[in-house]
Amino acid sequence: GQLTLMMRRQPIAEASVDPNHSKEVRRLLSLVSQVREYAKVLGLEVDGQYTSYVDWPDDRIVTTLVRTRAGTLESVPWWFPVVGSLPYKGYFDRERAETEARSLEESGEYEVCVSGVSAYSTLGWVDDPVTRPMLLRGAESLVETLFHELVHATAFLPGDADFNEGVAQFIGQQAAVDFFATLEAESAEAEWPSAARVRSAIEDRRQIAEATLRFRTRLEELDGETDRNARRSVAERGAREELAALPLAILDAERIAESARL
């Protein structure tokens, strides 16, 4: 899969004016060089990262699995050379990922969460491309994702996924807000989201995360209870009601409550 990505790369300088790509794709690609320059100012290692584009056909690059022991919430990690233990395992082939997920669940030992991922970092080993799945959620997501992955390429602590993801998420979010504020200062045209909107959307997601973590804590308190499943259903209904009542500024709270993977 990695070799396929590398073979399909097209320089962004060409892709951003290539009529074979949609106007929206070309518009979003025009942001990438500005993000790279801003990342350099922040001290991130940019090198040749995100100087190419891959018109990847799917809505994801990889499909990841996270496994837990049946009835528990703590992930059971996989170990890999170089990067150490990670709480997830990724496949370029979605069918292979779903086959392994079924196998793990049928064993009765594990419960598995399967998710699509639009971007990952090779930690600077090769020059990662921008891909079409990275563009699907618009400018805000693209910019934050680029900063997030450049943090991984700059600093990575083997075996500590929580630390790595926490640092990359925080810096990626704050850098995105500052980046869009810079664009606002440079142009009065409302071509891109305002920094205020980006900040509000991030705050919405933090509220959602906090509510979800409160639900997780309630589930941990049910461990060992004889009527755990029934009480879990009650807790989930309460969690969805809490999500629906969040005072979100940008995102739709009721839609989030309905679609949340609890």
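Note: the structure precedes this text.
Remember, it's a predicted structure, so these values are computed and weren't measured experimentally.

Conventions used here
Residues numbered from 1 in each chain as written. Predicted model: local features only at pLDDT ≥ 70, side-chain atom pairs only at ≥ 80, totals over all residues. Heavy atoms only, no water. Helix = DSSP H or I, 4+ residues; strand = E, 2+ residues; numbered from the N terminus. Buried < 20%, exposed > 50% of the residue type's maximum accessible area, 1.4 Å probe, protein only. Contact = heavy atoms within 4.5 Å. 1 Å grid on protein atoms, 1.4 Å probe; cavity = no way out; pocket = protein on both sides within 12 Å on 5 of 7 lines; lining within 4 Å. Points joined across faces, edges and corners; volume = space filled by probe spheres on them. Pairing = 2+ DSSP bridges. Axes fitted to C-alpha atoms, helices over the stretch in contact; angles between N-to-C directions. Salt bridge = Lys/Arg side-chain N within 4 Å of Asp/Glu carboxyl O. Core = buried A, V, L, I, M, F, W, Y, C linked by side-chain atoms within 4.5 Å. Phe/Tyr/Trp six-rings, centres within 6.5 Å; stacked < 30°, edge-to-face > 60°.

Turning next to the side chain of Thr68. Position of Thr68 relative to the elements: it lies in strand E3 (residues 62-69). Overall, the relative accessible area of 10% leaves Thr68 in the buried class. The residues contacting Thr68, other than those within four sequence positions of it, are Leu73, Glu74, Ser75, Val76, Glu109, Tyr110 and Glu111.

Right, let's get into empty space enclosed by the protein. This structure, assessed with the given rule, holds one cavity of 30 Å³ or more. Put simply, the largest cavity is a space of about 80 Å³. Gln2, Leu5, Tyr50, Ile61, Ser118, Ala119, Tyr120, Thr122, Asp128, Pro129, Thr131 and Met134 together form the lining of the largest cavity.

Moving on, we come to the environment of Leu29. Along the polypeptide, Leu29 turns up in helix H3 (residues 23-42). Among the residues examined, Leu29 registers a relative accessible area of 1% and is labelled buried. For the pair formed by Leu29 and Val130, sequence separation is 101 residues and the distance between their alpha carbons is 8.3 Å. What Leu29 contacts, discounting residues up to four positions off in sequence, is Ile12, Ala15, Ser16, Tyr53, Val130 and Leu135.

Glancing now at the sheet that holds E3. If you trace the three strands from one edge of the open sheet to the other, you get E6-E3-E7, paired in antiparallel fashion. If you trace the sheet from one side to the other, it starts and ends with strand E6 (89-91) and strand E7 (110-117), each paired once. Between one strand axis and the next, the sheet turns by 25 degrees as a mean value, whatever way the strands run. Inspection of the sheet shows E3 paired to E6 by three bridges, in the antiparallel sense. Bridge pairing links Thr64 to Gly90 in E6.

Taken as a whole and assessed by the stated rule, the structure comprises 17 salt bridges. Close ionic contact of Glu24 with Arg27 constitutes a salt bridge, the shortest N to O distance being 3.0 Å. Taken together, the residues span about one helical turn, with Glu24 and Arg27 both in helix H3 at a distance of three residues. The class for Arg27 is partly exposed, based on a relative accessible area of 28%. Each of Asp58, Asp59, Arg60 and Arg94 takes part in a single network of salt bridges with overlapping partners.

If you look at the biggest cluster of nonpolar residues, it comprises 36 residues, and the most contacted ones within it are Leu29, Val130, Phe147, Phe179 and Phe180. Every element with two or more residues in this core is listed here: helix H2 (12-15), H3, helix H5 (132-135), helix H6 (138-154), helix H7 (161-186) and helix H8 (195-221). Considering every element that reaches this core, the biggest residue donor is H3, with eight residues. With nine residues, the next largest nonpolar core counts Val76, Tyr91, Ala97 and Ala101 among its residues.

Looking now at the side chain of Arg228. Structurally, Arg228 is set in helix H9 (residues 228-244). With a relative accessible area of 17%, Arg228 lands in the buried category. Setting aside its immediate chain neighbours within four residues, Arg228 contacts Gly71, Leu219, Leu222 and Asp223.

By the secondary structure assignment, Asp178 is in helix H7. The class for Asp178 is partly exposed, based on a relative accessible area of 30%.

The next subject is the packing of aromatic side chains. Taken as a whole, this structure holds five aromatic pairs when the rule is applied. Taking 6.1 Å as the distance between ring centres and 80 degrees as the angle between the ring planes, the aromatic pair formed by Phe92 and Tyr120 counts as edge-to-face. Of this pair, Phe92 sits in the loop between E6 and helix H4 (94-106) while Tyr120 sits in the loop between E7 and strand E8 (130-131), and the two are 28 residues apart along the sequence. Note on Tyr120: relative accessible area 24%, which makes it partly exposed. Aromatic pair Phe179 and Phe180: ring centres 5.5 Å apart, planes at 75 degrees, arrangement edge-to-face. The same class applies to Phe179 and to Phe180, which are both buried. Taken together, Tyr38, Phe147, Phe179 and Phe180 form an aromatic cluster joined through their ring pairs.

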